[in-house]
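# Geometric and topological summary
As a plain string of letters, each chain reads:
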Amino acid sequence: MISFENVSVRHGDRLALAGIDLALPERRIGILGANGSGKSTLVRCLNALTVPDTGRVRVAGIDVARHPARARRLVGFLFPDADAQIIMPTVREDLAFSLRGLPRAEVDRRVDAALDRWGLAGHADHPCHLLSGGQKQVLALAAVLLVEPAVLVADEPTTLLDLRNTRRLGAALAELDQQQVVVTHHPELLADFDRVLVLDAGRVACDDAPAAAIAFHDRLMR
Ligand SMILES: Nc1ncnc2c1ncn2[C@@H]1O[C@H](COP(=O)(O)OP(=O)(O)OP(=O)(O)O)[C@@H](O)[C@H]1O
């Protein structure tokens, strides 16, 4: 479903990604690596937030750099800081914003379903800024999923969460049907993933099942 063909990204004189070749058909893919190893750059290529200097990224056969709008409809992106992603004053309005342009009744039906699914019904008309950090991240996730992306990219989604909310978000991700690409500094979040990549200096240093990749990452970080 996702492929990288000889993808390089340069930021000034720094090579953030160095000729990445990957075919990623698995449903749950985790990405580990040190600060600055290229994780965000890699996943930002999936919806044209970053455009490679060389090579090609495809999602569901679509060349992302050539068709960024189509790619963005396919790929939902969850950032570490939900505050940066929450746009509207109340929870209901924020969810409805994802569906702007659809008929009102359809928006209401889908928003109500999302409020129920994500345990936010009791907060529907609350100001978003009164939600806890964990609730905000769940709201941001719910808003991304409302547009039914084929792929969910989450770039350090638990960075600002405590252990309980990290586990909750992990459980929420595990239930999704979507293909997922999750960047994290919390290896335990990836324990039941299908495949884990470890990046090092813009290259894939390890590409393995979670236990082996997490052990490799642990040695790399010593
Ligand atoms: N917009 C930019 N301008 C200049 N350099 C950048 C930019 N974005 C990333 N870089 C550089 O590219 C390299 C890879 O950065 P990237 O953000 O992909 O790493 P990361 O593995 O996600 O790091 P972290 O774990 O700290 O989030 C780093 O050296 C970084 O300084």
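Residues numbered from 1 in each chain as written. Predicted model: local features only at pLDDT ≥ 70, side-chain atom pairs only at ≥ 80, totals over all residues.

### As for helix α7 (residues 210-220)
Here is the rule: Counting other C-beta atoms within 10 Å of a residue's own tells you its class, since 20 or more makes it buried, 12 or fewer makes it exposed, and anything in between is partly exposed; those C-beta atoms are placed from the backbone. What counts as a helix is a DSSP run of H or I of at least four residues, what counts as a strand is a run of E of at least two, and both are numbered from the N terminus. Here the arc refers to the set of directions running from the helix axis out to each C-beta atom. Contact criterion: two residues are in contact if their C-beta atoms, reconstructed from the backbone, are within 7 Å.
Within α7, the full set of buried residues consists of Pro 210, Ala 213, Ile 214 and His 217. Down the axis of α7, the sector holding all buried residues measures 100 degrees, keeping them to one side. Structural note: α7 exposes Ala 211 and Arg 219 on the side pointing more than 90 degrees away from its buried face. The secondary structure elements touched by the buried residues of α7 are β3 (28-33), β9 (195-200) and β10 (203-208).

### As for the sheet that holds strand β1 (residues 2-11)
As a reminder, the rule being used: The rule for pairing is simple: two strands pair if DSSP sees at least two bridges between them.
One open sheet accounts for 4 strands, arranged β2-β1-β4-β5; its pairing is antiparallel. Only two strands of the sheet have a single partner each, and these edge strands are β2 (14-24) and β5 (62-63). Bridging between β1 and β2 involves 7 bridges; their strand directions are antiparallel. Bridging across to β2, Ser 3 finds its partner in Ala 23.

### Things to note about the sheet that holds strand β7 (residues 151-155)
For the record, the criterion: Lines fitted to C-alpha atoms define the axes, with helix axes restricted to the stretch in contact, and inter-axis angles between N-to-C directions lie between 0 and 180 degrees.
Strand order in the open sheet formed by 6 strands is β6-β7-β8-β3-β9-β10, with mixed pairing between adjacent strands. Where the open sheet ends on each side, the last strands, each with one partner, are β6 (75-78) and β10. The average undirected angle you get between the axes of adjacent strands in this sheet is 20 degrees. Contacts from helix α5 (residues 133-146) reach β6 and β7, with the element oriented near 170 degrees to β6.

### A closer look at the nonpolar core
Side chains that are nonpolar tend, in soluble globular proteins, to be buried together. This is how it is decided: Buried Ala, Val, Leu, Ile, Met, Phe, Trp, Tyr and Cys residues whose C-beta atoms connect them within 7 Å together make up a nonpolar core.
Core analysis: the biggest nonpolar cluster contains 60 residues, and Ile 31, Leu 46, Leu 139, Ala 142, Val 151 and Val 153 have the highest contact counts within it. Among the elements that take part in this core, α5 stands out by supplying 9 residues, more than any other. Sequence-distant contacts of Leu 46, defined by excluding residues within four places in its chain, comprise Ile 2, Val 57, Val 59, Val 64, Val 75, Val 151, Val 153 and Val 181.

### With respect to the site of the ligand
Let me state the cut-off plainly: What makes a residue near a molecule or strand is its C-beta atom, placed from the backbone, lying within 6 Å of it. Residues are sorted three ways: Asp, Glu, Lys and Arg are charged, Ala, Val, Leu, Ile, Met, Phe, Trp, Tyr, Cys and Pro are nonpolar, and all the rest, Gly among them, are polar.
Surveying the vicinity of the ligand reveals the residues His 11, Gly 12, Arg 14, Ala 16, Gly 33, Asn 35, Gly 36, Ser 37, Gly 38, Lys 39, Ser 40 and Thr 41. Listing elements by their share of the shell around the ligand, those giving two or more residues are β2 and α1 (39-44). Considering each element in turn, the shell around the ligand owes the most residues, 3 residues, to α1. Grouping the constituent residues of the shell around the ligand by class yields 1 nonpolar, 9 polar and 2 charged.

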